[in-house]
Amino acid sequence: MDKPQKKLQVIVDAKTDKQVRIILNQLGLNPSVVIGALWKRIAAEGGIPFSLMLTNRELANDELSEAVFDSTVPIMATKETTRDYLLNGDDDDY
C-alpha cells in the first residue's frame, strides 16, 4: 500500500530557481526528489542536516552593500557630475 503524500508549495526567487533547476537537471534530479530527501534527513536527524550560515563571500557582499548604502558619495548619473565630483575638492555641494 502506498504511503499518503502531501503536496507542498514554496515561493523562491526566480533567479535562484533557475540556477538550482539547471544543477538538478545535470544531476538527473528534480525538485520533488531533492525536497523529499531533505524531509527524510530532517526527520531522521531531528534537525536541518547542514549549516545555514552565510559563506565568507556572502558576508563580504553584505558588508560592501552596507558600506555603499551608508556612503556619502552622490549618485553620479552623467559624465559631468562625475567629473565635477572628482575634480572639485569641496564635497559640501553633494
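Look up a bit, the structure's there.
What comes next concerns the included structure. Because the structure is a prediction, the values reported are computed rather than measured.

So, about the overall build of the protein. Assigned secondary structure in the protein consists of four helices and zero strands. In terms of C-alpha radius of gyration, the protein reaches 24 Å, well past the compact-globule figure of 12 Å for 94 residues. Expressed as a percentage of the 94 residues in the protein, the buried residues total 3%. Of the roughly 9200 Å² of accessible surface on the protein, 57% is carried by carbon and sulfur atoms. Between the centroid of the 11 positive side chains of the protein and the centroid of its 15 negative side chains there is a distance of 21 Å.

As a further point, take helix H2 (residues 31-45). Helix length check: H2, at 15 residues, gives a terminal C-alpha distance of 21 Å against a target of 21 Å (1.5 Å per residue), a fit within 8%. The residue sitting at the N-terminus of H2 and contributing the capping side-chain oxygen is Asn-30; that oxygen lies 2.9 Å from the backbone nitrogen of Ser-32. In the segment just after H2, Gly-46 is the residue with positive phi, at about 75 degrees.

This part covers the pattern of salt bridges. Tallying each qualifying case throughout the model produces three salt bridges. Of the charged contacts, one joins Glu-45 and Arg-41 as a salt bridge, the two residues approaching to 3.1 Å between their closest N and O atoms. Of this pair, Glu-45 and Arg-41 both sit in helix H2, four residues apart, which is roughly one turn of that helix. Among the salt bridges present, the one from Arg-83 reaches Asp-84, with a minimum N-O distance of 3.8 Å. For Arg-83, a relative accessible area of 43% gives the class partly exposed. When its relative accessible area of 38% is taken as the criterion, Asp-84 is described as partly exposed.

When you line up the elements, Leu-54 lands in the loop between H2 and helix H3 (56-70). Apart from residues lying up to four places away in sequence, Leu-54 is in contact with Leu-59 and Asp-62.

About the thresholds
Residues numbered from 1 in each chain as written. Predicted model: local features only at pLDDT ≥ 70, side-chain atom pairs only at ≥ 80, totals over all residues. Heavy atoms only, no water. Helix = DSSP H or I, 4+ residues; strand = E, 2+ residues; numbered from the N terminus. Rg over C-alpha atoms; globule rule 2.2 N^0.38 Å. Buried < 20%, exposed > 50% of the residue type's maximum accessible area, 1.4 Å probe, protein only. Areas by Shrake-Rupley, 256 points an atom, 1.4 Å probe, with all protein chains shown as cover. Lys, Arg positive; Asp, Glu negative; His and termini not counted. Charge placed at Lys NZ, Arg CZ, Asp CG, Glu CD. Expected span 1.5 Å × (residues − 1). Polar contact = N/O pair within 3.5 Å; in protein donor to acceptor, adjacent residues only side chain to side chain. Salt bridge = Lys/Arg side-chain N within 4 Å of Asp/Glu carboxyl O. Contact = heavy atoms within 4.5 Å.

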